[in-house]
Amino acid sequence: MDENYLDELNEQQRAAVEYCDGPQLVIAGAGSGKTRVLTYKIVHLLRLGYEPWRILALTFTNKAAKEMRERVEQLVGGAVASKLWMGTFHSIFARILRANAELIGFKSNFTIYDSSDSLSLIKMILADMGLDKLAFLSGPRKGQKKYKPSAILSAISSAKNALISPEEYVRSKDLLEIDARDNRPELYAVYRAYRDRCVVAGAMDFDDLLYYTNVLLRDNPDVLRHYREFFSYVLVDEYQDTNFAQHVIVTQLTRESGRLCVVGDDAQSIYSFRGANIRNILDLRKTYSALSIFKLERNYRSTRNIINAAGSLIDKNSEQIPKTVYSENETGALIEVVKCYSDFEEAYQVASRLSQLKMTSGDSADEFAILYRTNAQSRVLEEALRKRNVPYRIYGGLSFYQRKEVKDAIAYFRLALNPDDDEALRRVINFPARGIGETTLAKLTRAAIDGNVSLWTVIQEPDRYPAGLNAGTLRKLDRFAGLITEFVQADRKGADALELATRIIERTEMLKMYLHDSTPENLSKQENLQELISGVKGFVETRVEEGSDSMSLADFMAEVSLATDQDSDSGDASEERVTLMTVHAAKGLEFNNVFVVGVEEELFPSAMAQDSPAQIEEERRLMYVAMTRAKKFCMLTYAGSRFRNGQTVCCRPSRFLRDIDQRYLRLATNDNLGDDAPKVRPTVNYTASMAGSARSLNSLRKVQPSSGAPQSFRRPGQMQPSAGKPASDVRYALHSVSEVAEGTVIEHAKFGRGAIVNIDTAGPDPRITVKFENTDTRTLMLKFAKFSIVGTE
DNA sequence: CTTCTCCGTTTTTTT
DNA sequence: AACGGAGAAG
């Protein structure tokens, strides 16, 4: 370990790192070395003699956890770093819950429902309760569904984040009153049914992971005592993004010891839609009377202009902890504001300015980022970049594990581990088609709900839970059950993830199905299934290499079920690319050059945020995050019209542009940022010819109450550079043995560049062993490995 | 029971 | 534009 690690910190950072005498809050402005403080603090704790496996470091995203681990690794080595408890709230507590599952009425093999599972379960419950019918309401809500699944889900989610059980919910006069007013008086019953079905299915959703952790610690004093003592120091990153459930877990674990270090920046709180609450930071002082507060205010990242501009923007927010972020870097260029006619022109402008800047600055492509408010905005930008042959990488969008065919396969995986998993069962009971249709499923569901058991139990014990099915149907169900049982037993007998996964794909004939005809979609589905298998294979191989015995399908699923899109670091690291992502996804990152596009009213700030000042402030913080990603150059663009929801709508410049002190901006001479617009009625600020009906629809929509946080469904065709796009299909293909030799240099779709060191043709399927430039050596099955041949060594 | 087709709704951000 | 849901035909 580097002895002089403390010298690499400035005075404020060093003070924060060295203070280990009690609870500590570090308010860290953007770019002030927040992660640096956390990583060095961990190193410092190790120095002081804290054992690595008793340090708990919680982050918000997988990406942040990974980055922190890597940075600690560099300082103390992988052997020590791998012993730290470091990860997202969700993954760490999932692990703890699995270890203690029986105490809260679960088994350790519980499934984790993702948002689409949750939504599908909500829909099922609403249908069962007869609440999915149209409501005959008058006025603007006429014809709208009373119980909108996504809104229900988000209400349930809020309840759990506030640690309110269904039983407590129904006892709360306030909540019932609100529901009555919102025309959904039976929400409590939906919540209860949802909870019950999850329990029966042995499933937890994302919120449950936090909720049940609280239950576990609340109802089992000995468990609480154990973890309190076990974790001798707790560190939390991005505390401004924690919700109440997370806050309570943290305080439960550290209230007595006071060995807590929390880092956050209230100005970067951008997840309140998910229950994050800045109050958690402020309330720390109440919980810990001895709380010491440290401030990091010097920004090392950006030029003065960028920091000053962002500062002048965030000053317009009323709610914030007073602090002054300053930069002592060079003044730098002004922030460029560009007005465009349309989203197409915007994309063109950005692409051309980017290419030009790339030439003049000499920065490589990965020093450029284009940030947007919504994923949908990426389309046009992609096109413009492609036209200019600028290589880019999109983050977000549909994750690999969310693709239909992959989800289907995963559903079988899940059933093998937990056949009670209703959502997985419903997904694949008739896929591939085996003549078990809606009617049968409805009858099974009815019986399952009446018996308060899982669908699997109903299928297993038809006599005990009669569903009123005819003999033919029963026979079909029996065959399906046989298939699942076979997988379950294979897992119990200790099959590793690859054996079991391969068997599932073969026995269900999923891959075969797609082989039948070779439409482009089918081809891509085949590829994705093969990619999944090679993912499993890679997982098993890694575990073998690491000398770990944890290579069961359950171990694989534990990694996968909480891995989200950002995590898939696919694409080769060797090639430099421009980054395209949402502002949310960009948090914690930095680039020399940042383009923020679509800086318009109703988009940024979002149309959903228009009706409350608090939401506008969150959007403003989001804008602040966007701008402070930039080190040297920042450009903001807006368009006069934009293709949205299938039609072209008019747009006005964002109020945020006017919030920024104009001293730091470079505007086109004729650009007044929409300041001439009458401010009284901003939304109807258009001539009828310009605006058309979309506009009036929009102003109508504002009357309706906002419908909560919708769960995201992303379109295919984004992300995963290796699939979907014709360009990449050509680049990475399958190869035969005759095409490769030892010494052949290949470019793998996932692992990057590497040289073949061995070819094994002994088995039924030829394998190649490749030493990759990222130091990994992997053995790949030739029939699955997607790569291009670069040359020979 | 399956498949096809039309219709209506949708769009914020993510663990 | 793109998806899911509903309804009709096979």
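Definitions and limits used
One numbering rule holds for all chains: residues counted from 1, following each sequence as written. To label them, take the chains in the order written and letter them from A, then take the ligands in the order written and number them from 1. Note on the predicted model: pLDDT of at least 70 is required for a residue's local features to be given, and 80 or more for side-chain atom pairs to be given and counted; whole-chain, interface and lining totals, by contrast, use all residues. Side-chain numbers here rest on the full set of heavy atoms in the structure, without hydrogens or water. Per the convention used, a helix needs a DSSP run of H or I reaching at least four residues, while a strand needs a run of E reaching at least two, with both numbered from the N terminus. Between the first and last residue of a helix there are one fewer steps than residues, each counted as 1.5 Å, and that sum is the expected span. Only protein chains enter the calculation, and the probe is 1.4 Å; a residue is then buried if its accessible area is under 20% of its type maximum, exposed if over 50%, and partly exposed in between. Any two residues whose heavy atoms approach within 4.5 Å are treated as being in contact. Here a polar contact is recorded for every N or O atom pair within 3.5 Å, except that within protein the pair must consist of a potential hydrogen donor and a potential acceptor, and residues adjacent in sequence are included only if both atoms are side-chain atoms. Boundaries of every domain are those given by an automatic assignment or by a domain database. Within this document, salt bridges are pairs made up of a side-chain nitrogen of Lys or Arg and a carboxyl oxygen of Asp or Glu, the two lying within 4 Å of each other. Axes here refer to lines fitted to C-alpha atoms; in helices the fit is confined to the stretch in contact. Angles between the N-to-C directions go from 0 to 180 degrees. When an angle is under 35 degrees it counts as roughly parallel; over 145 it counts as roughly antiparallel; between 65 and 115 it counts as roughly perpendicular; any other value is oblique. For this classification, the nonpolar set comprises Ala, Val, Leu, Ile, Met, Phe, Trp, Tyr, Cys and Pro, the charged set comprises Asp, Glu, Lys and Arg, and every other residue, Gly included, is treated as polar. UniProt positions are given in the numbering used here, feature names are shortened, and annotations may be inferred rather than shown by experiment. Here the nonpolar core consists of buried residues drawn from Ala, Val, Leu, Ile, Met, Phe, Trp, Tyr and Cys, with membership extended through side-chain atoms lying within 4.5 Å. For two strands to pair, DSSP has to find at least two bridges joining them. Aromatic pairs are defined between Phe, Tyr and Trp rings, using the six-membered ring for Trp, whenever the two ring centres lie within 6.5 Å; interplanar angles under 30 degrees are classed as stacked, those over 60 as edge-to-face, and all others as tilted. Here, a charge over a ring means that NZ of Lys or CZ of Arg falls within 6 Å of the ring centre while also lying within 35 degrees of the ring normal. Scored between 0 and 100, pLDDT is the confidence that the predictor attaches to each residue.

Observations concerning helix α22 (residues 471-492)
Next, step 1: For α22, spanning 22 residues, the distance from its first C-alpha to its last is 31 Å, which sits close to the expected 32 Å at 1.5 Å a residue.
Next, step 2: For α22, the full list of buried residues reads Thr473, Leu477, Phe480, Ala481, Leu483, Ile484, Glu486, Phe487, Val488, Ala490 and Asp491.
Next, step 3: Each element contacted by the buried residues of α22 is listed here: α18 (404-417), α19 (422-428), α20 (438-451), α21 (455-460), α23 (497-507) and α26 (553-560).
Next, step 4: Among the residues of α22, the N-terminal cap falls to Asn470, whose side-chain oxygen and the backbone nitrogen of Gly472 are separated by 3.1 Å.

Description of the domain arrangement of chain A
Next, step 1: Partitioning chain A into domains gives domain 1 (5-105 + 209-296), domain 2 (111-201), domain 3 (326-399 + 572-667), domain 4 (400-562) and domain 5 (733-792).
Next, step 2: Look at where the C-alpha atoms of domain 3 and domain 4 centre, and you get two points 41 Å apart.

Let's talk about the pattern of salt bridges
Next, step 1: Enumeration over the complete set of coordinates arrives at 49 salt bridges.
Next, step 2: Taking the shortest distance from any N to any O, the salt bridge between Asp128 and Arg446 comes out at 2.5 Å. Taken together, the residues span a long stretch of sequence, with Asp128 in helix α6 (residues 115-128) and Arg446 in helix α20 at a distance of 318 residues.
Next, step 3: Looking at Arg446, the relative accessible area reads 37%, which means it is partly exposed.
Next, step 4: The closest approach of N and O atoms between Lys512 and Glu509, which form a salt bridge, is 3.6 Å.
Next, step 5: Owing to a relative accessible area of 42%, Glu509 belongs among the partly exposed residues under this scheme.
Next, step 6: Each of Lys34, Asp237, Glu238, Asp241 and Lys587 takes part in a single network of salt bridges with overlapping partners.

Focus on the packing of helix α15 (residues 304-314) against helix α28 (residues 613-627)
Next, step 1: In the contact formed by α15 and α28, the axes pass within 9 Å of each other and the chain directions differ by 175°. When the interaxial angle is binned, α15 and α28 end up roughly antiparallel. Contacts from Ile306, Ala309, Ala310, Gly311, Leu313 and Ile314 of α15 reach α28 at Arg620, Arg621, Met623, Tyr624 and Met627.
Next, step 2: Of the residues that constitute the contact of α15 with α28, the class distribution is 8 nonpolar, 1 polar and 2 charged.

Regarding the UniProt feature "binding site: ATP" (unreviewed entry) in chain A
Next, step 1: Those residues carrying the UniProt feature "binding site: ATP" (unreviewed entry) are Ala28, Gly29, Ala30, Gly31, Ser32, Gly33, Lys34 and Thr35 in this numbering.
Next, step 2: Among the secondary structure elements, Ala28 is positioned in strand β1 (residues 24-28).
Next, step 3: Here Ala28 falls in the buried class, since its relative accessible area comes to 0%.
Next, step 4: When residues no more than four places from it in sequence are discounted, the contact partners of Ala28 are Lys34, Val263, Gly264, Asp265, Gln268 and Leu296.
Next, step 5: Locating Gly33 in the fold gives a position in the loop between β1 and α2 (34-47).

Examining the environment of Tyr233
Next, step 1: Along the chain, Tyr233 falls in strand β6 (residues 233-236).
Next, step 2: For the pair Tyr233 and Ile394, spaced 161 residues apart in sequence, the C-alpha separation works out to 37 Å.
Next, step 3: In contact with Tyr233, other than residues within four places in its own chain, are Tyr19, Cys20, Gly22, Lys41, Leu45, Tyr50, Arg54, Ile55, Leu56, Arg259, Leu260 and Cys261.

Observations concerning the side chain of Asp117
Next, step 1: Within the element layout of this structure, Asp117 appears in helix α6.
Next, step 2: Since its relative accessible area comes to 7%, Asp117 is described here as buried.
Next, step 3: Filtering out sequence-adjacent residues up to four positions away, Asp117 remains in contact with Ile112, Lys407, Arg414 and Glu423.

Some remarks on the nonpolar core
Generally speaking, soluble globular proteins have nonpolar side chains that are buried together.
Next, step 1: Counting residues in hydrophobic clusters, the biggest one holds 56 residues, and the most contacted among them are Phe413, Ile429, Leu444, Phe480, Leu553 and Phe556.
Next, step 2: By residue number, the principal contributor to this core is α18, which donates 9 residues.
Next, step 3: For Ile429, the contacting residues outside a window of four places in its chain are Arg434, Ile436, Leu441, Leu444, Ile459, Leu477 and Phe480.
Next, step 4: Counting residues in each nonpolar core, the second largest holds 45 residues, with Phe604, Met623, Val625 and Ile660 among its members.

Looking at the environment of Lys339
Next, step 1: With respect to the element layout, Lys339 can be found in strand β11 (residues 335-342).
Next, step 2: With relative accessibility at 43%, the residue Lys339 sits in the partly exposed group.
Next, step 3: A C-alpha to C-alpha distance of 23 Å links Lys339 and Lys316, two positions 23 residues apart in sequence.
Next, step 4: Not counting residues up to four positions away in its chain, the partners in contact with Lys339 are Tyr638, Asn670 and Asp671.

Comments concerning the sheet that holds β6
Next, step 1: The 6 strands lie next to each other as β3-β2-β6-β7-β1-β8, forming an open sheet whose pairing is parallel. Each of the sheet's edge strands pairs with one partner strand only, and the pair in question is β3 (85-88) and β8 (292-296). Averaged over all adjacent pairs, the angle separating strand axes in this sheet is 15°, with direction ignored.
Next, step 2: With 4 bridges connecting them, strand β2 (residues 55-59) and β3 associate as parallel partners. Paired with Ala57 across the strands is Met86, a residue of β3.
Next, step 3: Helix α1 (residues 11-18) contacts β1 and β8 of the sheet and is inclined by roughly 150° relative to β8.
Next, step 4: Strands β2 and β3 of the sheet are contacted by helix α3 (residues 62-76), whose axis makes an angle of about 155° with β3.

Some remarks on the packing of aromatic side chains
Next, step 1: One pass over the full model with this rule turns up 18 aromatic pairs.
Next, step 2: Where Phe400 meets Tyr401, the ring centres are 5.3 Å apart and the plane angle is 80°; that geometry is what we call edge-to-face.
Next, step 3: Overall, Phe400 belongs to the buried group, its relative accessible area being 6%.
Next, step 4: Given the relative accessible area of 24%, Tyr401 is considered partly exposed.
Next, step 5: Ring centres 6.2 Å apart and planes at 85° place the aromatic pair Phe604 and Phe656 in the edge-to-face group. Placement of the pair is Phe604 in the loop between β15 (591-596) and α28 and Phe656 in helix α29 (residues 655-659), with a sequence separation of 52 residues. Side by side, Phe604 and Phe656 carry an identical accessibility label, which is buried.
Next, step 6: Following the ring pairs from residue to residue traces out a cluster consisting of Trp85, Tyr227, Phe230 and Phe231.
Next, step 7: The aromatic ring of Phe110 is capped on one face by Arg98, whose charged end is 4.1 Å from the ring centroid.

Overview of the confidence of the model for chain A
Next, step 1: When pLDDT is averaged along chain A, the result is 84, and 87% of the positions lie at 70 or above.
Next, step 2: Note that pLDDT drops below 50 for residues 677-729; the model gives that stretch 84 contacts with residues more than four away or on any other chain.

Re the side chain of Ser534
Next, step 1: Looking at the element boundaries, Ser534 is found in helix α25 (residues 520-545).
Next, step 2: A relative accessible area of 17% places Ser534 in the buried class.
Next, step 3: Of the polar contacts made by the side chain of Ser534, one reaches the backbone oxygen of Glu531; its length is 3.0 Å.

Some points on unusual backbone geometry
Next, step 1: With an omega of -5°, the peptide bond running from Phe431 to Pro432 counts as cis.
Next, step 2: Looking at where Pro432 falls in the secondary structure, it is placed in the loop between α19 and α20.
Next, step 3: Here the residue pair Phe604 and Pro605 is connected by a cis peptide bond, since its omega of 10° sits within 30 degrees of zero.
Next, step 4: Structurally, the position occupied by Pro605 is in the loop between β15 and α28.
Next, step 5: The backbone phi angle of Glu602 is positive, close to 75°, even though this residue is not glycine.
Next, step 6: Note that Glu602 resides in the loop between β15 and α28.

Description of the environment of Asp760
Next, step 1: Mapping Asp760 onto the fold places it in strand β20 (residues 752-760).
Next, step 2: In this structure, the C-alpha to C-alpha distance between Asp760 and Ser327, residues 433 residues apart in sequence, is 57 Å.

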